[in-house]
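Observations on the three-dimensional arrangement
Residue strings, one per chain:
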Amino acid sequence: MPEHEIWLTRLFNDHLAGLGSWVLSLANANAENPARPWANFVTMQLLVAAIILVLFAVLRPRLSMDRPGTLQHVLEVIYSFLHSESRDNIGHEGPRFLPFVGTLFIFILFCNLIGIIPGFESPTQTPSVPAGCAILVFVYYNFMGFKQQGIFRYLAHFAGPVWWLAPFMIPIEIISHMARPLSLTIRLFANMLAGEQVTVVFLGLTYLVVPAVFMGLHVFVSFLQAYIFVLLTMMYLSETVPHEQHESH
Amino acid sequence: MKKPFVVLVGEYTSLAFLLPAATCVGYVIGYFLDKKFGTHYLYLVFLLLGIAAGFLQLIRRLLRDSGENGS
């Protein structure tokens with residue numbers, strides 16, 4: 001089913017179709033319609049990335065200790081919240097992972113919230129976007145596990161505490177690790193899609209008050225899902241920190 | 001320190017997908033192994049392992065959370 005093109009995607013497809021096909025050909029992929037290779041979720045992600053870049057580029061020279069602006073206050077609240085959460089969940093090593101976790105949080109939050117603006121659509125309601133983030137998390141926390149504990153020590157976790165349980169524990173651990181990106185993906189995608197669809201359905205019924213209530217709910221869910229995504233990322237990362245460091249916090 | 005209500009909502013809703021996701025991954029692994037080796041029982045074995053994996057993760061989270069509260 002060809003999806004409805006939002007105005008930004010139409011703009012990209014009208015003027016940058018060649019670039020889109022070239023990028024897809026780099027990955028040996030073909031667009032469903034080669035004349036219009038850009039999909040809504042791709043252009044929306046580019047827009048979100050551009051918004052974040054501009055936001056921080058504007059904020060950077062205005063940072064002030066004496067007279068912090070509203071934007072600085074808001075971002076400081078987000079930063080201190082993530083900082084304390086990372087300490088709670090990972091331990092005193094937690095803030096080391098903050099650049100990754102913080103970027104993920106801001107990106108997912110903006111992706112979720114942008115769908116509320118009429119004429120735009122949340123990229124996170126397309127499964128590929130949460131799946132991309134979830135696979136990134138999966139690769140990152142495993143990489144950090146290998147890096148911090150060494151290959152053999154990290155792999156030894158999969159065998160469980162007792163050696164004779166290892167034949168059961170290894171497949172169980174492999175399954176539970178593989179379930180992580182799946183549950184991260186489905187949770188974020190399903191919540192965002194459901195939030196959007198509920199608003200759309202009620203907009204079809206009435207324009208009075210009710211859709212606004214559901215849009216408010218959508219804002220709440222956007223924050224909650226972005227938080228859950230990074231909370232779980234932090235929990236997975238906490239397992240990769242060597243135990244003596246983790247327990248000493 | 002008591003966690004804010006919203007944080008608790010976030011943490012507990014995250015548990016909701018734990019069981020079905022692990023069960024589903026177990027089944028899918030078994031299904032593909034069955035296809036690969038031409039057998040008809042591996043999907044059941046991995047389905048059970050998936051269920052066990054889900055429970056194990058759930059129990060670990062509970063142990064961890066109850067440990068945090070000092071109880």
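Placed above this text is the structure.
Residues numbered from 1 in each chain as written. Chains lettered and ligands numbered in written order. Predicted model: local features only at pLDDT ≥ 70, side-chain atom pairs only at ≥ 80, totals over all residues. Heavy atoms only, no water.

A separate point is the overall build of chain A. On a plain count of helices and strands, chain A comes out with 10 helices and 0 strands. Counting from the amino terminus, helix and strand elements in chain A follow one another as α-α-α-α-α-α-α-α-α-α. In terms of overall dimensions, chain A has C-alpha extents of about 60 × 55 × 40 Å along its principal axes. Put simply, 70% of the contacts in chain A that link residues at least 6 apart link residues at least 24 apart. (Helix = DSSP H or I, 4+ residues; strand = E, 2+ residues; numbered from the N terminus. Contact = heavy atoms within 4.5 Å.)

Helix and strand counts for chain B stand at 3 helices and 0 strands. The helix and strand sequence of chain B, counted from the amino end, reads α-α-α. Each of the three principal axes of chain B carries a C-alpha extent, and together these read 55 × 20 × 10 Å. Counting every position in chain B, which comprises 71 residues, the buried fraction comes to 34%. Counting contacts in chain B only where the partners sit at least 6 residues apart, residues at least 24 apart contribute 53% of the total. Carbon and sulfur atoms make up 75% of the accessible area of chain B, which amounts to about 4,500 Å² in all. (Buried < 20%, exposed > 50% of the residue type's maximum accessible area, 1.4 Å probe, protein only. Areas by Shrake-Rupley, 256 points an atom, 1.4 Å probe, with all protein chains shown as cover.)

Here the structure, examined in full by the defined rule, presents 12 aromatic pairs over all chains. Look at F202 of chain A and F214 of chain A: their rings are 4.4 Å apart centre to centre, the planes differ by 15°, and that puts the pair in the stacked class. Linking F202 of chain A in helix 8 (residues 166–205) with F214 of chain A in helix 9 (residues 210–240), this pair joins segments that are 12 residues apart in sequence. Owing to a relative accessible area of 23%, F214 of chain A belongs among the partly exposed residues under this scheme. Between Y27 of chain B and Y43 of chain B, the aromatic rings sit 6.0 Å apart at their centres with planes inclined by 90°, giving edge-to-face as the arrangement. (Phe/Tyr/Trp six-rings, centres within 6.5 Å; stacked < 30°, edge-to-face > 60°.)

What follows deals with the nonpolar core. Within the largest apolar cluster, 50 residues are counted, with the highest numbers of intra-cluster contacts made by F97, L104, F105, I108, V137, F229 and L237 of chain A. Those elements giving two or more residues to this core turn out to be helix 1 (7–15), helix 3 (40–59), helix 4 (70–90), helix 5 (98–113), helix 6 (128–149), helix 8 and helix 9 of chain A. Considering every element that reaches this core, the biggest residue donor is helix 9 of chain A, with 12 residues. Once residues within four sequence positions are removed from consideration, I108 of chain A is found in contact with C133, L188, A226 and F229 of chain A. With 11 residues, the next largest nonpolar core counts I175 and A179 of chain A together with I29 and L49 of chain B among its residues. (Core = buried A, V, L, I, M, F, W, Y, C linked by side-chain atoms within 4.5 Å.)

A few words now on the pattern of salt bridges. Residues and elements named next belong to chain A. Applying the stated criterion across every chain yields a total of 5 salt bridges over all chains. Across the pair E5 and R36 runs a salt bridge, and its minimum N-O distance is 2.9 Å. Highlighted residues: E5 in the segment before helix 1 and R36 in the loop between helix 2 (17–26) and helix 3, separated in sequence by 31 residues. We note a salt bridge from R96 to E93, for which the minimum N-O separation is 2.9 Å. (Salt bridge = Lys/Arg side-chain N within 4 Å of Asp/Glu carboxyl O.)

Right, let's talk about the interface of chain B and chain A for a bit. Taken together, the contact between chain B and chain A spans 25 residues of the former and 26 residues of the latter. At the junction of chain B with chain A, the criterion picks out 1 salt bridge. Of the charged contacts in the structure, one is a salt bridge between R60 of chain B and E173 of chain A, with a shortest N-O distance of 2.7 Å. Run the count over chain B and chain A and you get 3 residue pairs in polar contact (both at pLDDT 80 or more). For the side of chain B that touches chain A, the secondary-structure elements that each account for two or more residues are helix 1 (5–13), helix 2 (18–37) and helix 3 (42–68) of chain B. With 11 residues, the top contributor of residues to the side of chain B that touches chain A is helix 3 of chain B. (Polar contact = N/O pair within 3.5 Å; in protein donor to acceptor, adjacent residues only side chain to side chain.)

In this section: helix 3 of chain A. An α-helical turn contains 3.6 residues, so a residue and the one three or four places further along point in the same direction. All names here are of chain A. For helix 3, which comprises 20 residues, the first-to-last C-alpha distance of 28 Å matches the rise-based estimate of 28 Å (1.5 Å per residue) to within 8%. Within the span of helix 3, buried status applies to N40, F41, T43, M44, V48, I52 and L59. Along its buried surface, helix 3 packs onto helix 1, helix 4, helix 5 and helix 6. (Expected span 1.5 Å × (residues − 1).)

Right, let's get into unusual backbone geometry. All names here are of chain A. Its identity as a non-glycine residue notwithstanding, V209 has a phi of 50°, on the positive side. Within the secondary structure layout, V209 lies in the loop between helix 8 and helix 9. The exposure class of V209 is exposed, given its relative accessible area of 58%.

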